Amino acid sequence: MQLLASPVHRFEGRPADGPAPAPPHELVDQVQIRAGLGIVGDRYFGRPAHRDAAVTVIAAESLPPGADLTHVRRNILLRGVAVDELVGRTLVLDSGDGPVRLAVRRRANPCAWMDVTMGPGGWRQLRGKGGVRCTPLNDGILRVGPVAVTIDESA
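Note that the coordinates shown come from a computational prediction; the quantities given were computed from them, not determined experimentally.

**Details of the overall build of the protein chain**
In step 1: Secondary structure assignment for the protein chain yields three helices and 11 strands.
In step 2: Seen in sequence order, the protein chain has helices and strands lined up from the N terminus as β-β-β-β-β-α-β-β-β-α-α-β-β-β.
In step 3: For the protein chain, the proportion of contacts with a sequence separation of at least 24, taken over those separated by at least 6, is 67%.
In step 4: Counting only carbon and sulfur atoms, one obtains 51% of the accessible surface of the protein chain, whose full area is about 7500 Å².

**Points about the sheet that holds strand E7 (residues 90–94)**
In step 1: Here eight strands make up an open sheet; going across it, the order is E2-E1-E6-E5-E9-E8-E7-E11 and the pairing mixed. The strands lining the two open edges of the sheet, one partner per strand, are strand E2 (27–28) and strand E11 (148–152).
In step 2: As paired elements, strand E8 (residues 100–107) and strand E9 (residues 132–136) share five bridges and run antiparallel to each other. By the bridge assignment for E9, Leu102 is matched with Pro136.

**A few points about the nonpolar core**
In step 1: Ranked by size, the top nonpolar core spans 21 residues in total, and within it Val57, Ile76, Leu78, Val83, Leu91 and Leu102 carry the most contacts.
In step 2: Within the residue set of this core, elements represented by two or more residues are strand E3 (30–34), strand E5 (55–59), strand E6 (76–78), E7, E8 and E9.
In step 3: When sequence neighbours within four positions are dropped, the list of residues in contact with Leu91 reads Val57, Leu78, Val81, Leu86, Val100, Arg101, Leu102, Val104, Val149, Thr150 and Ile151.

**Focus on the pairing of E7**
In step 1: Most of E7 is tucked away, with four of its five residues classed as buried.
In step 2: Between E7 and E8, which pair antiparallel and follow one another directly, the connecting turn spans five residues, one of which, Gly96, has a positive phi of 120 degrees.
In step 3: Looking at chain direction, E7 and E11 are connected through five bridges and run antiparallel. The residue bridging Thr90 from the neighbouring strand is Asp152, located in E11.

Procedures and definitions
Residues numbered from 1 in each chain as written. Predicted model: local features only at pLDDT ≥ 70, side-chain atom pairs only at ≥ 80, totals over all residues. Heavy atoms only, no water. Helix = DSSP H or I, 4+ residues; strand = E, 2+ residues; numbered from the N terminus. Contact = heavy atoms within 4.5 Å. Areas by Shrake-Rupley, 256 points an atom, 1.4 Å probe, with all protein chains shown as cover. Pairing = 2+ DSSP bridges. Core = buried A, V, L, I, M, F, W, Y, C linked by side-chain atoms within 4.5 Å. Buried < 20%, exposed > 50% of the residue type's maximum accessible area, 1.4 Å probe, protein only.

Okay, here's the thing in structure tokens:
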């Protein structure tokens, strides 16, 4: 449904101070993914501390009405996929340019910023369904639009 590749961190410091301004064009129509590195142009691309969690995925059903990827700072928004249940598996997405394999490593827990970006109660609403952090296993391209989804039991 949506893709986000942002070169900057927006949620730094204290939530009460508010997020940093959004750079233009952080919601994109397509992303280029590199195995073991993440999304080209994203703030976590190639950073050693984030290689096992370079790509984040969240289910649209987890978000309140009107919220999107800019509110939660995840990279990929999917509808109809229970992503929070996929830890230890491989999520395979194909939007027409070939499969992109994402090893789902761990949950992406929400933080106090959600109460600022989504409104009071946002953090509590996302507990247990804040998405997942993944390692890309192959190079590929994902585009906004229809996507074929496969779940592989191995990670």
